[in-house]
Amino acid sequence: MARVIGHIDLDYFYAQVEEIENPSIKDKPVLVCVFSGRTEDSGVVGTANYLARALGVGSGMPIAMAKKKLEGKDAVLIPMHHAKYEAISEKVMQTVRDRVDVFEQTGIDEAFFDITNRSGGDYSEAERLAAEIRAAVLESHGLTASIGLGRSKVVAKMASDAAKPNGLKVVVPESTTSFLGPLPVIKLYGVGPKTARALDILGVRTIGELASADLAGLEKTLGANTAHYLHEAAAGKDEEPVAERGEATQLSRIITLKKDTRDADQIFDELVPALEDLQNRIASKGVPFRTVSAIGIAIDLSARTKSKTFENPVESFAACKSDVLALFKELTASSDKELRRAGVRVSGFTTKSGQTSLTQFQ
DNA sequence: GTATGCTTTCGGC
DNA sequence: TTACGGCCGAAAGCATAC
């Protein structure tokens, strides 16, 4: 049976949530911003509504630049309320999960799903099911979403991209290559700016050209693994299954420092509240970690990390405070550049299932 | 040569 | 003129063990 894979994306999610809460802003450009706190306007745009996008503003753009573009346009800038979006996302995702065979959330506002079984592999039936999902999300939560359907995750993702905002795009298996072929490679899921530049040098500009490119040539510049994956994906042939995700595999907190510095003690002091917050998240997860990393982002925005893995799982930062400080000393000593942002990441959680199997041996 | 584990970087939103 | 977050998962790159 032909697979029917879907991808759902909540339209301009954070900004749409704010619009629903305060409908009077709907006819204005709306920006949900991450203010870093260093100066009044330092930070970036998290999400912009479509009115703002039409004026050239998008996510990731510095707030000061966005403001300039929106001068005299009566724009509304709202600080990000992450906990609120998280709570709404959880409810919306449950609405979707209830209506599909397999569900895989990949971000706060998007998810893959498999409806092969309940559609019987019939794309007309699948289209009806997808329309029902969009209607249920709108009815229950007031949010518009876009859905793409296709034979693989890559096709579904690209279809939802083509459908937005507030649309449904079905790419039947036979139309896969005609749908993907003309699109620029940068649009392909898995191809970022770096890979796109590498492909451009090889003369590969469209997904169709990538699909028919010489695999050996791609391997030389991209590495065997990436080359093989992208070559398949460009033909819409990726066989990645949709799989429900478990618990997070890493947790991190990162902050913008009050001023640029390469003084490890100073950095550590500023990180204390963030570490306490991270500690709370670790505690509520209830699972100890084995690896801790110091993260530094320099004034030129280049990133570096130093990490340490312990023999035995660690339950709190209190137990490895000196190790974290030592990692920051290593990090700052490894370059002359001052740091603008700093953070800590923990990973290598001992899984609950692992603990269960361990007790079986006792 | 292959499997495994750790560190670092990349890519996406 | 420039401007610049805070996360996440996955892959690359390297070392080690067998």
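See the structure printed just above.
S.K.: Hey, could you go over the environment of D41 for me, with residue numbers and the actual values?
M.R.: Locating D41 in the fold gives a position in the loop between β2 (30–35) and β3 (43–48). Take D41: there are 16 C-beta atoms within 10 Å of it, and that puts it in the partly exposed class. Taking the C-alpha atoms as reference points, D41 and I63, separated by 22 residues in sequence, lie 5.9 Å from one another. Sequence-distant contacts of D41, that is, excluding residues within four places in its chain, are made with I63, A64 and K67.

S.K.: Give a detailed account of the nonpolar core, specifying residues and quantitative values.
M.R.: Grouped together as the largest cluster of nonpolar side chains are 67 residues, with contacts concentrated most on L31, V96, F113, L149 and A234. When residues of this core are assigned to their parent elements, the largest contribution, six residues, is made by helix α7 (residues 153–163). Dropping the residues within four chain positions of it, L31 is found in contact with V45, A48, A52, V57, A66, A75 and L77. One finds L271, F317, L331 and V346 within the second-largest nonpolar core, a separate group that totals 19 residues.

S.K.: Any chance you could break down the protein's contact with DNA strand C for me, citing the residues and the numbers?
M.R.: Close contacts around DNA strand C come from 26 residues, with S36, P62, N225, A248 and S252 the closest. Among the secondary structure elements, those contributing two or more residues to the surface near DNA strand C are β3, α3 (63–69), α12 (224–234), β9 (250–261) and β12 (339–347). Residues that form the surface near DNA strand C fall into these classes: nine nonpolar, 12 polar and five charged.

S.K.: With reference to specific residues and values, describe the sheet that holds β3.
M.R.: With respect to topology, three strands assemble into an open sheet ordered β3-β2-β4, the strand pairing being mixed. Because the sheet does not close on itself, it has two edges, and the strands there are β3 and β4 (76–79). Each neighbouring strand pair of the sheet contributes to a mean axis angle of 35 degrees, computed without reference to strand direction. Sheet topology note: the β2/β4 ladder contains four bridges and is parallel.

S.K.: Requested: an account of helix α14 (residues 321–333), with residues and values cited.
M.R.: Taking 1.5 Å per residue as the helical rise, α14 with its 13 residues ought to reach 18 Å, and the 18 Å between its terminal C-alpha atoms agrees with that figure. Restricting attention to buried positions, one finds in α14 the residues V324, L327, F328, L331 and T332. The buried residues of α14 all sit within an arc of 130 degrees when viewed along its axis, so they share a single face. Facing away from the buried side of α14 by over 90 degrees, the exposed positions are S322 and A333. Residues of α14 that are buried sit in contact with α13 (264–285), β10 (289–298), β11 (303–314) and β12.

S.K.: Before we move on, can you summarise unusual backbone geometry with the specific residues and values?
M.R.: Here the residue pair K164 and P165 is connected by a cis peptide bond, since its omega of 0 degrees sits within 30 degrees of zero. Counting through the fold element by element, P165 comes out in the loop between α7 and β8 (168–170). You will see that N166, though not glycine, has its phi angle at about 55 degrees, which is positive. Among the structural elements, N166 can be located in the loop between α7 and β8. A positive phi angle, near 70 degrees, is found at L301, a position not held by glycine.

S.K.: Lay out the packing of helix α1 (residues 13–21) against helix α4 (residues 82–97) with the relevant residues and their values.
M.R.: A pair of packed helices is captured by two measures, namely the crossing angle of their axes and the spacing between those axes. In the contact formed by α1 and α4, the axes pass within 11 Å of each other and the chain directions differ by 95 degrees. The angle between the axes of α1 and α4 places the two elements in the roughly perpendicular class. Together, F13, Y14 and V17 of α1 and K84, Y85 and I88 of α4 make up the contact between the two elements.

Rules and cut-offs
- Every chain is numbered independently, its residues counted from 1 as its sequence is written.
- Written order decides the labels, with chains lettered from A and ligands numbered from 1.
- For a predicted model such as this one, the threshold for reporting local features is a pLDDT of at least 70, and the threshold for listing and counting side-chain atom pairs is 80 or more; totals across whole chains, interfaces and linings nevertheless cover every residue.
- Working definition: helices are DSSP H or I runs of at least four residues, strands are E runs of at least two. Numbering for both runs from the N terminus.
- Buried means a residue has 20 or more other C-beta atoms within 10 Å of its own C-beta, exposed means 12 or fewer, and partly exposed covers the counts in between; C-beta atoms are placed from the backbone.
- For every residue pair, C-beta atoms are placed from the backbone, and the pair is scored as a contact if these atoms sit within 7 Å.
- Nonpolar cores are identified as sets of buried Ala, Val, Leu, Ile, Met, Phe, Trp, Tyr and Cys residues joined via C-beta atoms within 7 Å.
- Each residue gets a C-beta atom placed from its backbone. If that atom is within 6 Å of a molecule or strand, the residue is near it.
- Nonpolar residues are Ala, Val, Leu, Ile, Met, Phe, Trp, Tyr, Cys and Pro. Charged residues are Asp, Glu, Lys and Arg, and all others, Gly as well, are polar.
- Only when DSSP finds a minimum of two bridges between them are two strands counted as paired.
- Helix axes use the C-alpha atoms of the stretch in contact, all axes being lines fitted to C-alpha atoms, and the angles between their N-to-C directions lie in the range 0 to 180 degrees.
- An expected span of 1.5 Å times one less than the residue number is assigned to each helix.
- The arc in question is the one traced by the directions running from the helix axis out to the C-beta atoms.
- Oblique is the label for any angle not covered by the other classes, which are roughly parallel (under 35 degrees), roughly antiparallel (over 145) and roughly perpendicular (65 to 115).

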